[in-house]
Amino acid sequence: LLSNLFYGVILTATSVSVTVATLREMGKLHGKVGDTIVAAAILDDIIGVIVLSVVIGFSGTGANAEAPSMVILKTVLFFIAAIIVGYICNKLFRAIEHKFPHHRLLPILSVALCFFFAYASEAWFGVADITGAFVAGIVLSGNPEVNYIERKSDIMGYMIFTPVFFANIGITTEFGGISTELIFFGVCFIVAGLIGKVIGCGTAAIACKYGVRDSLKVGIGMMARAEVALVCAQKGAEFGMINTSIMPFIVILIVISSFTTPIVLRKLYRKELEKEKAAQAVPVEAK
């Protein structure tokens, strides 16, 4: 049951960066649909990391097994502690920023804070380390120098952490376990990942009285996956909850969704863009 639940956890992740870039290029990012997708993606990430933490908490067996109530209690305690520590850290970072504005000390301490939250969440509360890192990001998002911190952290990420992460994914992937049954499951997994978001998010949009076409845009916009799905899968493999041979199918899901989302969104917006283009051309022709 837990193994099957974890495959579902992997599919909860949404990477809205592809959708945001596409909507921005079309000038539709801050419309009704664009705002809905961005807000839903943020909530989706929060819910996803919480679900990941809870399911991992249930993964203990034998003497290491914990009661569901204890897992939930530890998760709640982590977020309470994270709010208190995060508030203190936010004040501390603001003081450092005030004394040393735009100093390289800020991104260095930010990375250290991320590692601290990641370690504390898993070692002390049994919550997934990605949840701790996510909370650290929320804490840092309120800093006035957030753009500077993000830019410098991205450089460190692309130079060190991202290559190591993807190399580790490749090293831990096992192709020996791929069988006809796993291939069939992998194909169903990909289809479920693509259609699940469209139907689930689209239906929710319809329930909120969006039009059918706008609801389809919301569903397609939420379909994209990226690195968070790989992080979740890696955690599942680390705890022995999933077959590591599923990794290639997750990569295929990421590639398909990343390419399909902008193409379909452009087709759905084509009529609106043509009308806007025609409306802008009328005054020129009249003149």
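Each remark here, short or long, concerns the structure printed above.
What you see is a predicted model, and the numbers here were worked out from it, not measured in a lab.

Q: I keep staring at the overall build of the protein and nothing clicks. Help me out?
A: Along the protein, the regular secondary structure elements total 11 helices and zero strands. In terms of overall dimensions, the protein has a C-alpha envelope of 75 × 60 × 35 Å along the principal axes. Counting every position in the protein, which comprises 287 residues, the buried fraction comes to 39%. When contacts within the protein are restricted to residue pairs at least 6 apart in sequence, long-range pairs at least 24 apart make up 78% of them.

Q: Please explain helix H3 (residues 32-57) as it appears in this structure.
A: Residues spaced three or four apart along an α-helix face the same direction, because each turn holds 3.6 residues. Between its first and last C-alpha atoms H3 spans 38 Å; for 26 residues at 1.5 Å apiece the expected length is 38 Å, and the two agree. For H3, the complete set of buried residues consists of Val 33, Gly 34, Ile 37, Ala 41, Asp 44, Gly 48, Val 49, Leu 52, Ser 53, Val 55, Ile 56 and Gly 57.

Q: What is the right way to look at helix H7 (residues 146-172) in this model?
A: Over its 27 residues, H7 runs only 34 Å from end to end, short of the ideal 39 Å by more than 12%, given 1.5 Å per residue. At Gly 157, H7 is deflected by roughly 55 degrees, the largest bend along its length. Three or more residues of H7 are buried, namely Tyr 148, Ile 149, Gly 157, Phe 165 and Ile 169.

Q: Is there a simple way to think about a positive patch on the surface in this case?
A: A contiguous patch of positive charge on the surface is contributed by Arg 213, Lys 267, Arg 270, Lys 271 and Lys 275. Considering each element in turn, the positive patch owes the most residues, four residues, to helix H11 (residues 247-286).

Q: Sorry if this is basic, but what is going on with unusual backbone geometry here?
A: A negative phi angle is the norm for most residues apart from glycine, just as the trans form is the norm for most peptide bonds. The backbone of Lys 209 shows a phi angle near 70 degrees, a positive value even though the residue is not glycine. Inspection of the secondary structure assignment puts Lys 209 in the loop between helix H8 (180-207) and helix H9 (212-221). Judged by its relative accessible area of 75%, Lys 209 is exposed.

Q: It is not clear to me how the nonpolar core should be interpreted in this structure. Could you clarify?
A: As a rule of thumb, soluble globular proteins bury nonpolar side chains together. Ranked by size, the top nonpolar core spans 49 residues in total, and within it Phe 6, Ile 10, Leu 52 and Ile 250 carry the most contacts. Going through the elements one at a time, helix H1 (2-12), helix H2 (17-26), H3, H7, H8, H9, helix H10 (227-238) and H11 are the ones with two or more residues in this core. Those residues in contact with Ile 10 that sit more than four places away from it in its chain are Phe 189, Ala 229, Cys 232, Ala 233, Ile 242 and Ile 250. The next biggest cluster of nonpolar side chains, apart from the first, holds 14 residues, and it includes Phe 93, Ile 96, Phe 117 and Ala 136.

Q: Whenever I open this one, the side chain of Asp 44 confuses me. Can you help?
A: Position of Asp 44 relative to the elements: it lies in helix H3. Residues within four places of Asp 44 in sequence aside, it is in contact with Thr 12, Ala 13, Thr 14, Lys 197 and Met 222.

Q: Please clarify how the packing of aromatic side chains should be interpreted in this entry.
A: A ring pair, where both rings are aromatic, is described by two values, the distance of the centres and the angle of the planes. Considering all chains together, one arrives at 10 aromatic pairs under this definition. Their ring planes at 70 degrees and their centres at 5.2 Å tell us that Phe 78 and Phe 79 sit as a pair that is edge-to-face. Relative accessible area serves as the criterion here: at 25%, Phe 79 is assigned to the partly exposed category. For the ring pair Phe 78 and Phe 125, a centre distance of 5.7 Å and an interplane angle of 65 degrees mean the geometry is edge-to-face. With Phe 78 in helix H4 (residues 68-99) and Phe 125 in helix H5 (residues 105-125), this residue pair connects regions lying 47 residues apart in the sequence. Site record: aromatic cluster; members linked through ring pairs are Phe 116, Phe 117, Tyr 119 and Trp 124.

Q: In this structure, what is going on with the packing of H3 against H9? I would like to understand it.
A: Where H3 contacts H9, the two axes come as close as 10 Å, and the packing angle between them is 35 degrees. Crossing geometry of H3 relative to H9 is assigned as right-handed. Here Val 33, Thr 36 and Ile 37 of H3 lie close against H9, whose contacting residues are Asp 214, Lys 217, Val 218 and Gly 221. The residue inventory of the contact of H3 with H9, partitioned by class, reads three nonpolar, two polar and two charged.

Q: I keep staring at the pattern of salt bridges and nothing clicks. Help me out?
A: Opposite charge on two side chains makes pairing possible when the charged atoms of those side chains draw close. What the rule picks out here adds up to eight salt bridges. For Glu 25, the salt bridge goes to Arg 266, with nearest N and O atoms at 2.4 Å. Pair noted here: Glu 25 is in helix H2 and Arg 266 is in helix H11, with a separation of 241 residues, a long-range link. Of the charged contacts, one joins Lys 235 and Asp 129 as a salt bridge, the two residues approaching to 3.3 Å between their closest N and O atoms. On the criterion of sequence distance, the pair formed by Lys 235 in helix H10 and Asp 129 in helix H6 (residues 129-140) is long-range, its members being 106 residues apart. With relative accessibility at 3%, the residue Lys 235 sits in the buried group. Connected through salt bridges with shared partners, the residues Lys 28, Asp 214, Lys 217 and Glu 272 form a single ionic network.

About the thresholds
Residues numbered from 1 in each chain as written. Predicted model: local features only at pLDDT ≥ 70, side-chain atom pairs only at ≥ 80, totals over all residues. Heavy atoms only, no water. Helix = DSSP H or I, 4+ residues; strand = E, 2+ residues; numbered from the N terminus. Buried < 20%, exposed > 50% of the residue type's maximum accessible area, 1.4 Å probe, protein only. Contact = heavy atoms within 4.5 Å. Expected span 1.5 Å × (residues − 1). Bend = angle between axes of the 7 residues up to and from the residue. Patch = residues over 30% accessible without salt bridge, like charges linked within 9 Å, V, L, I, M, F, W, Y side chains within 5 Å. Areas by Shrake-Rupley, 256 points an atom, 1.4 Å probe, with all protein chains shown as cover. Salt bridge = Lys/Arg side-chain N within 4 Å of Asp/Glu carboxyl O. Lys, Arg positive; Asp, Glu negative; His and termini not counted. Charge placed at Lys NZ, Arg CZ, Asp CG, Glu CD. Core = buried A, V, L, I, M, F, W, Y, C linked by side-chain atoms within 4.5 Å. Phe/Tyr/Trp six-rings, centres within 6.5 Å; stacked < 30°, edge-to-face > 60°. Axes fitted to C-alpha atoms, helices over the stretch in contact; angles between N-to-C directions. Left-handed = near helix turned anticlockwise from the far one by under 90°. Nonpolar A, V, L, I, M, F, W, Y, C, P; charged D, E, K, R; others polar.

It is worth stressing that arrangement in space is one thing and function is another; only the former is reported here.
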